[in-house]
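The chain contents come next:
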Amino acid sequence: MSQPSTVIFLATVSGNYREGFQRLAREYERLHPSVQVKIQVMPVNGYETWLRTQIPGAGDRAPDLFNANYAWGMYEKGLLVNLASYLSWRNPYTGKAWIEGLNPQFIEKYKTAGGVSFIPVDFVEIAFYYNVTLFHRLGLQTPRTWEGMLNIAERIRAAGYLPFAVPGNADSYWSGTVGWIVRFFTDAYTREWVPLVMSRPGDWDYDPARNARFRLNLSDPYNDSLVIINSERLLDAVRRRVIRFDGERFAELYARIKAFSRYWQRGFHGANSGTAYNLFLTGRAAILLEGSWLIGDLMQDMADLPPRARFEWGVFAVPPLTTSRFHIPPFRGVGGPGLVLGVVKKNPQQTERVVDFLMFLTSPQGAQILVDEAVRHRRPLSGPMLIPGVKLPPELQSYYRPFEGRGFEKLSFRGLMDEQESIWQWTVWAQRYMEGRVSLQEFLKRYQRLMEEAVPRIVSLQKLDMNPRTKDTPS
Amino acid sequence: MNPRRTPIVVVALMLAPTLILLALFNYYPAVLGLSRAFTRWEMGEDPRWIGMGNFVAMWHDEFLRLSLRNLFMLLVANVLKTLTMPLLVAELLMSLRSLRWQYILRTAFILPMVVPGMVTMLLWSFIYDGSVGLLNQVLEAAGMGALARSWLGESATALWAIIGIGFPWAGGLALLIYLAGLNQISGDVWDSCQVDGVSGLKRVWYVDLPLLLPQARLLVILTLIGTMQDFGSILILTGGGPGLATHVPALHMYFQAFRFGHYGYAAAIGLTLFIAIFALSLLNLLWGRRLEKLA
């Protein structure tokens, strides 16, 4: 028996696709007997550190394919393959150009320094999970507007149930439910600022294909998805107070969120995502804002409950706000790509072989294997697939529908540009405001100050010269 | 020369690895930390001397100022906890006639010390949970459901909930130290008390307490140091929140260093905490000695 002459090494943390990757590898090996595909599913903890030791220095022993969202900065250092030129190649497993079987908008949106550093396979998004059984019992319909949702919440509360289960600890403000709420609100209230802070002709990151023809259109959720924001213009706008956080716009935004929090459980600041999920699963809370990755777990957990405790559940998208002093477009999503695979730069022959495997993985039959195996082994999917033609079981398909087609947030200001100190300070004051310990005016005053104080720190940390025309070397 | 004495060279060689590691990983970082308190040392940058700049910044740091109030509350509460409940339990144990029961109960009080601190914290976070917590369930069962709340999730109760951890605060090291102290008191002293008709609370107040002052002094020092340095439990349970309700200077130092990358500023907070602990320990030592003399 001949030994395989080529080895493709996929090291991943996407354990939900464990069996899918294995079957995919065997199928590929069957098609290409000279190739061996090694799959290594690794724990998230330590994965990034491992990648940072393997990819730059381990030569041929480094993984060929990996979860690229754990390797920020590696593409810029020339360690990963720019997949842009391969996108026009014919995918032998579909007979069409590779890009035609992918999601071009996602690929364009998540370009790194003008190049394609990874291929997205699926994406994650948030939506409201609700107790259908309870809704039927109370004669409620899924809401069409934000205001309608609050009316429903009032009726749920009057019936003796908790309307919303919300985790409110510091983690939630940063990367969980409260953070998501603030993000989709902020996006809706600040979309008008995109033209103000986007790259302009002459800027180092200006791309005419993406920015030249952009005209703000609030009725199109994807209108600005490809627009490049120039961080120095953004910082300058905050520094010069062209963008303000203590004005009427943010006053209305935060007043709305606080009004929404009247329907959350008491003392939500002490709850984590597990507590909130427990409230929903046990039927005490009617609605839960969660990510698309929860579907598999919820199906499983519901099946594990004693029959009397089970209930029918569904998902509805975040409904649009219809009453505002400002022109507020419908809320958009705050998610992004889930499984993203990058290719490590080795030699051209190896790259071609790895790209061929990636083409197989992202073909409808390849991606279908991932889905089928995940479903068969009762593993949760992260969210809807980005490969056209992949079929989900009908039940899953209906659950995923509310997660799709809403666009993605552009500007988010819980803290400035994800700078940790401003995020922490914002969390402190936002929690105090939500708890009623400081007034809205006091909160906004603090918000304005903490955002302004973050500007010089970010400039120093990222070694920016505040001239958008020059590309600055990151530290 | 004593033939049984190990040659100094061998002793030095055997101690050397420990001493070198101690110097390298304990003393060097500590001394370095002290010197770096006077520098601007940010993540990815070389430290730059700025004199008292970090200390001036501390003076204007509103978050640090607000955290001092919490620390003061914790210090007072923890010292009171250390000085009261373990002593009470130690006295009760000593008053038991049956040595067998004394031993069993002493073991029962000391045994929880083997539970890892992290497990204890997670247990208490479950007890305080607003939705499924044990405390709320007990309150509801007792007909006091109106008092149920998210104990760690509301500013009004979060710090008190942290203080309440370990209730009834009777076990552990403090109990052992008090028991050791009580055991040191000569039986003659207690016999004399009996002869003079001094018993019960009177004996505790006039005889035991004055004789336990050295133990109490040690425990106060340990509590002060522990309270000022500890932020792990708060980090796990509340992260310092909600808002700043449970934020303490040591947690502020941790955030400054490991979340925000302001190493120089964090070192300055560390140095200040060190000076404060040292000063409080010194005061405790001086006052303790004076009290002992008076006693």
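Residues numbered from 1 in each chain as written. Chains lettered and ligands numbered in written order. Predicted model: local features only at pLDDT ≥ 70, side-chain atom pairs only at ≥ 80, totals over all residues.

*Asks:* Quick question: what am I supposed to make of the overall build of chain B here?
*Replies:* Secondary structure assignment for chain B yields 14 helices and two strands. Reported as C-alpha extents along the three principal axes, the dimensions of chain B are approximately 75 × 70 × 35 Å. Sorting the 295 residues of chain B into buried and exposed places 28% on the buried side. In chain B, the share of contacts with a sequence separation of at least 24, taken over all contacts with a separation of at least 6, comes to 66%. (Helix = DSSP H or I, 4+ residues; strand = E, 2+ residues; numbered from the N terminus. Buried ≥ 20, exposed ≤ 12 C-beta atoms within 10 Å, placed from the backbone. Contact = placed C-beta atoms within 7 Å.)

*Asks:* Whenever I open this one, the interface of chain A and chain B confuses me. Can you help?
*Replies:* Where the parts come together, the accessible area they lose is often given as the size of the interface. Between chain A and chain B, the contact holds 22 residues from the first and 20 residues from the second. At the level of secondary structure, the elements contributing two or more residues to the side of chain A that touches chain B comprise helix H12 (273-281) and helix H17 (420-434) of chain A. Of all the elements, H17 of chain A adds the most residues to the side of chain A that touches chain B, at six residues.

*Asks:* How should the pairing of strand E1 (residues 6-12) of chain A be read in this particular structure?
*Replies:* Each regular strand displays side chains that alternate between the two surfaces of the sheet. Residue and element names in this part refer to chain A. As defined by bridge partners, E1 adjoins strand E2 (residues 35-41) across seven bridges and the pair is classed as parallel. Residue pairing in the sheet places Val 7 in a bridge with Gln 36 of E2. Traced from E1 through helix H1 (residues 18-31) to E2, the parallel crossover comes out right-handed. In this sheet, strand E3 (residues 65-67) lies alongside E1 in parallel orientation, the contact comprising two bridges. Opposite Leu 10, over in E3, you have Leu 65 as the bridge partner. (Pairing = 2+ DSSP bridges. Right-handed = clockwise from strand over helix to strand, strands pointing away.)

*Asks:* Would you explain the environment of Glu 252 of chain A in this entry?
*Replies:* All names here are of chain A. Tracing the sequence through the fold places Glu 252 in helix H11 (residues 248-261). Sequence separation of Glu 252 and Phe 326 is 74 residues, and the distance between their C-alpha atoms is 9.1 Å. Apart from residues no more than four positions distant in its own chain, Glu 252 is found in contact with Ser 324, Arg 325 and Phe 326.

*Asks:* Is there a simple way to explain the sheet that holds strand E9 (residues 162-165) of chain A in this structure?
*Replies:* Across a sheet, strands are paired by hydrogen bonds formed along the backbone, either parallel or antiparallel in direction. Residue and element names in this part refer to chain A. Read from one edge to the other, the open sheet built from four strands follows the order E9-E10-E8-E11, with strand pairing classed as mixed. Strands with a single pairing partner mark the edges of an open sheet, and in this sheet they are E9 and strand E11 (313-316). The mean angle between the axes of side-by-side strands here comes to 25 degrees, regardless of whether they run parallel or antiparallel. Here strand E8 (residues 126-131) pairs with E11 via four bridges, running antiparallel. Considered in E11, the bridge of Tyr 130 is made with Gly 314. (Axes fitted to C-alpha atoms, helices over the stretch in contact; angles between N-to-C directions.)

*Asks:* Hey, could you run me through the sheet that holds E3 of chain A in this one?
*Replies:* All names here are of chain A. The sheet built from five strands is open, its strands ordered E2-E1-E3-E13-E6 with mixed pairing. Here the strands that pair on one side only, and so sit at the sheet edges, are E2 and strand E6 (119-120). Both E6 and strand E13 (residues 340-343) contribute to a ladder of two bridges, which runs antiparallel. Within the sheet, the bridge partner assigned to Pro 120 lies in E13 and is Val 340. Sheet strands in contact with H1 are E1 and E2, and its direction is about 175 degrees off that of E2.

*Asks:* What exactly am I supposed to notice about the nonpolar core here?
*Replies:* Grouped together as the largest cluster of nonpolar side chains are 128 residues, with contacts concentrated most on Tyr 129, Ala 165, Phe 280, Ala 285, Leu 288 and Tyr 447 of chain A together with Tyr 178 of chain B. When residues no more than four places from it in sequence are discounted, the contact partners of Leu 288 of chain A are Tyr 129, Ala 165, Ala 276, Tyr 277 and Phe 280 of chain A. Ranked by size, the runner-up nonpolar core spans 51 residues in total, among them Ile 39, Ile 55, Ala 68 and Val 344 of chain A. (Core = buried A, V, L, I, M, F, W, Y, C linked by C-beta atoms within 7 Å.)

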